[in-house]
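Now for the letters of each chain:
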Amino acid sequence: MRSLRPHAGFLLTAAVVALASWPLTGSLRPGTDLDGAWQIGLRESLHGGLDFGPDVLFTYGPLGFLHRPLLVYPWPARLAFAWTVLAQLALAATLIWGLTHALRSRLLAVLLAVPLAATVGQGPEVVLSFIGAVALVGARPRGRAAPARALVLGAAAGIELLDKLNTGVTVTAFGLIAVAAAPAPRRTLVAAFAAAAVATLAVGWLATGQSPGEIGTYLRGSYEIIAGYSEAMYTEQPGRQWEFWVAAWLAGAGVLVAWRAADLLPSRARLGLLALWAVLAFTSFKAAFVRHDAGHSNIYFISVLGGLIAFGWAPHWRQTAWLLGALFAAALLAAWPIAPQGLFTPLARARSFVDQARLLMDGSDTNAAIAGGRRQRSDVEQLDGRFVSAIGRRTVHVEPSDAGLVWSQRLRWRPLPVFQNYSAYTSSLDGRNAAAARSPGGPDVIMREQAPVADGRNPAFEAPAATRAILCHFRTAQGPFGRWLMLERSAPRCGRERPLRTVDAKLGAPTPVPPAPDASSVVMVRIEGIQVSGLETLRSTLYRALPRQIVMDGGRTNRLIPGTAGDGLLLRVPSRADYPAPFGLDQAAKTVAVTKSDHKGSVRLRFSAMSIR
């Protein structure tokens, strides 16, 4: 306690800033939208004892519930709230420290830290880790504190790898660069970082009830989702092209700041600062500009603005750094979906913190709020009670994405691993879902929802191998009632796949779909030569893949996912074997054509059929 007394004033100030910038200003109930569904799914997985990797796959892992305290189950919400308090305190203290060094005024630092912490607090992990890594490379602080900072960076990396894997990879990269570029003794720093990362990863994995041997399955599967994101999930909102130019200019300006900040440091440190900035700019760009819309673009500006705080200790470059910071802030506010004054509402944010803390501390209030969230979601989902009675105690998967249904109706969840099928956008992920659908250990019942499909995708072409496996191993049991249909597991009803015709067609040229060999056969097409390869792999890694479409009968156009185009897209399904309208998979297509942006070339279409009872 004595060692903390000299810092009591600073810690009190940080606590006040954290309270005034509290980032959770809305309800702690999960949303009724797509995001709310996967957030519920993460917590339902832990509650149901499912293993991340073999049972559940997402970019978030078993500690993903820490990302936001949501009232799905009491203790995950309380732990996430405590984690958010810790993160916001650390963010406030770090911003005050950096701003004080830059401005030579604690008062100005505090005034600026409040709106900055409110902004960066939406996702502080990357910014906090970047500032810590830059401080370590710049020998700030010196001496015994350096190994402690390496330990903290290692622990953050281990936690983030189990929270959100792509963030974990970024934080791990920051830590590795920092301990390699920091002043000696580097061996001590490397050992401290590695030990903390491995220990935290192991403890977090086991503490959440995961099977010890499945951590590799989780890391590989979640990496697949991250790797396929640039090929499948791209979008471009009109009117935001100016942000590309601003982002490029800011990235270059940050390189200059990082270069000059190391003028008084060894050359190894300069390379380290440049590498750290490159990782921050690149990963933030990918997070913001693959899906370039109002909900994502601000991620880049938040990250680079927060990262610039890290260079406040470079005295001879301070004025230029903060001039650039003002430009970063202007770009952020231009892209930010809320009014700037919403970032400086200290009393309202403090009241939100107090109200949320009271709610989570009172067990009866917490349970009542959770029950209210279930009712709210149930009202939106509008599931007919006949379905619930028919399901009973059987296990359930929900297609295409509403994992929240299981929670709201208190059903037994046994999902296909990629439980929102729009994310099964690689052949490997699609294959894992198909294997689970075929397996007797998979779900007994599948609830299928007639829901809007994002990005112009066709619901019959989502995760095509898994869609076909469901068709072959499940039959209609109840409904449709409203927008829901109930399928239940049955004996396999599909025969072997047999080839019909292979056609080498030019991109954009319509190709006739061969007729089914008989009235009880499905017709599908496997598309080859449209997958991401060659130089486009580099483009996809650095930015995003080129758009592909499939055009049926010269008019109906849907996005084509290159990673699963070869998994067999259903074109014709006999009416007696198909789902009832409006859930049917039959496309009744007479011709198909494939396009790839404005490119020319050819594509191979392998048509095949299989019988279905």
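None of these values were measured; they are calculated from a predicted model.

## Brief notes about the packing of helix 6 (residues 145-163) against helix 7 (residues 165-181)
Running from N to C, helix 6 and helix 7 cross one another at 160 degrees; their axes reach a closest spacing of 7 Å. Between helix 6 and helix 7, the interaxial angle falls into the category roughly antiparallel. The handedness of the crossing between helix 6 and helix 7 is left-handed. For the pair helix 6 and helix 7, contact is made by Ala150, Leu153, Ala156, Ala157, Glu160, Leu161 and Asp163 and by Leu165, Thr167, Gly168, Val169, Val171, Thr172, Gly175, Ala178 and Val179, respectively.

## Points about the pattern of salt bridges
What the rule picks out here adds up to 19 salt bridges. For the salt bridge of Arg291 with Asp455, the shortest nitrogen-to-oxygen distance reads 2.8 Å. Of this pair, Arg291 sits in strand 2 (residues 291-292) while Asp455 sits in the loop between strand 5 (445-449) and helix 19 (464-473), placing them 164 residues apart in sequence. Here Arg291 falls in the buried class, since its relative accessible area comes to 14%. With a relative accessible area of 22%, Asp455 lands in the partly exposed category. Connected through shared salt-bridge partners, Arg291, Asp455 and Arg559 make up one network.

## Structural notes on helix 9 (residues 215-232)
Between its first and last C-alpha atoms helix 9 spans 26 Å; for 18 residues at 1.5 Å apiece the expected length is 26 Å, and the two agree. Along helix 9, the residues that are buried comprise Thr217, Tyr218, Gly221, Ser222, Ile225, Gly228, Ser230, Glu231 and Ala232.

## Observations concerning the nonpolar core
Generally speaking, soluble globular proteins have nonpolar side chains that are buried together. Judged by nonpolar contacts, the single largest core of 88 residues is most densely connected at Met447 and Ile527. Of the residues forming this core, the biggest block, six residues, is contributed by helix 19. When residues no more than four places from it in sequence are discounted, the contact partners of Met447 are Leu383, Phe387, Ile391, Val396, His397, Val398, Glu399, Leu405, Trp484, Leu485 and Met486. Counting residues in each nonpolar core, the second largest holds 66 residues, with Val110, Val126, Leu276 and Ala281 among its members.

## Describing the sheet that holds strand 3 (residues 395-399)
Across the sheet, five strands lie side by side as 4-3-5-7-6; this open sheet has mixed pairing. This sheet does not close on itself; its edge strands, each paired only once, are strand 4 (412-413) and strand 6 (474-481). Where strand 3 meets strand 5, four bridges bridge the pair, whose relative direction is parallel. Along strand 5, the bridge assignment pairs Val396 with Val445.

## Digging into a nonpolar patch on the surface
A cluster of nonpolar side chains, contributed by Leu107, Leu108 and Leu111, occupies part of the molecular surface with about 310 Å² of accessible area. Take Leu107: its relative accessible area is 61%, and that puts it in the exposed class.

## Topic: the packing of helix 3 (residues 74-103) against helix 14 (residues 346-361)
Here helix 3 crosses helix 14 at 145 degrees, and the two axes come no closer than 10 Å. The handedness of the crossing between helix 3 and helix 14 comes out as left-handed. Between helix 3, through Ala77, Arg78, Phe81 and Val85, and helix 14, the contact on the second element is made entirely by Phe353, Gln356, Ala357 and Leu360. Looking at side-chain class alone, the contact of helix 3 with helix 14 contains six nonpolar, one polar and one charged residues.

Conventions and cut-offs
- Residues numbered from 1 in each chain as written.
- Predicted model: local features only at pLDDT ≥ 70, side-chain atom pairs only at ≥ 80, totals over all residues.
- Heavy atoms only, no water.
- Axes fitted to C-alpha atoms, helices over the stretch in contact; angles between N-to-C directions.
- Helix = DSSP H or I, 4+ residues; strand = E, 2+ residues; numbered from the N terminus.
- Parallel < 35°, antiparallel > 145°, perpendicular 65-115°, else oblique.
- Left-handed = near helix turned anticlockwise from the far one by under 90°.
- Contact = heavy atoms within 4.5 Å.
- Salt bridge = Lys/Arg side-chain N within 4 Å of Asp/Glu carboxyl O.
- Buried < 20%, exposed > 50% of the residue type's maximum accessible area, 1.4 Å probe, protein only.
- Expected span 1.5 Å × (residues − 1).
- Core = buried A, V, L, I, M, F, W, Y, C linked by side-chain atoms within 4.5 Å.
- Pairing = 2+ DSSP bridges.
- Patch = residues over 30% accessible without salt bridge, like charges linked within 9 Å, V, L, I, M, F, W, Y side chains within 5 Å.
- Areas by Shrake-Rupley, 256 points an atom, 1.4 Å probe, with all protein chains shown as cover.
- Nonpolar A, V, L, I, M, F, W, Y, C, P; charged D, E, K, R; others polar.

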